Amino acid sequence: MTDKHLTDDQLLLETDYTSYASSCRDPHITPTNDLVECRRQSGHDDTHATRSGLRAIRWAVPEPHAA
């Protein structure tokens, strides 16, 4: 799944069924200063996400820097 418009339910399903070893694990600090890791499938090319209870936490993939 690499659609930029996934619903929370779709993201939660993806994170629930992606093993830790296969997940992206990009770190992110939430607005409440919690450290979370992306649990989407490694290699996704859009929004990072993880589960927080019954909702998804999303954050943007950083833009590549021009040399």
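The preceding data block contains the structure.
I will try to describe carefully the structure that is included in this document. It should be emphasised that the depicted structure is a prediction, and the values quoted were computed from it without experimental measurement.

### Description of the overall build of the protein
Broken down by element type, the protein carries one helix and four strands. Walking the protein from its N terminus toward its C terminus, one meets helices and strands in the order α-β-β-β-β. Put simply, the protein has 67 residues, and 28% of those count as buried. Within the protein, contacts between residues separated by at least 24 positions form 33% of all contacts whose residues are at least 6 apart in sequence. When the accessible surface of the protein is totalled, it reaches about 4800 Å², and 53% of it is carbon and sulfur.

### Remarks on the nonpolar core
In terms of nonpolar packing, the biggest core is built from five residues, these being Leu6, Leu11, Leu12, Ala49 and Ala56. Those residues in contact with leucine 11 that sit more than four places away from it in its chain are Leu6, Arg40, Ala49, Ala56 and Arg58.

### Quick notes on the pairing of strand S4 (residues 55-59)
Consecutive side chains of a regular strand alternate in pointing toward one face of the sheet and then the other. Examined bridge by bridge, strand S3 (residues 48-52) and S4 share five bridges and lie antiparallel to one another. Within the sheet, the bridge partner assigned to alanine 49 lies in S4 and is arginine 58. Linkage of S3 to S4, two consecutive antiparallel strands, is achieved through a turn of two residues, within which glycine 53 is found at a positive phi near 65°.

Calculation rules
Residues numbered from 1 in each chain as written. Predicted model: local features only at pLDDT ≥ 70, side-chain atom pairs only at ≥ 80, totals over all residues. Heavy atoms only, no water. Helix = DSSP H or I, 4+ residues; strand = E, 2+ residues; numbered from the N terminus. Buried < 20%, exposed > 50% of the residue type's maximum accessible area, 1.4 Å probe, protein only. Contact = heavy atoms within 4.5 Å. Areas by Shrake-Rupley, 256 points an atom, 1.4 Å probe, with all protein chains shown as cover. Core = buried A, V, L, I, M, F, W, Y, C linked by side-chain atoms within 4.5 Å. Pairing = 2+ DSSP bridges.

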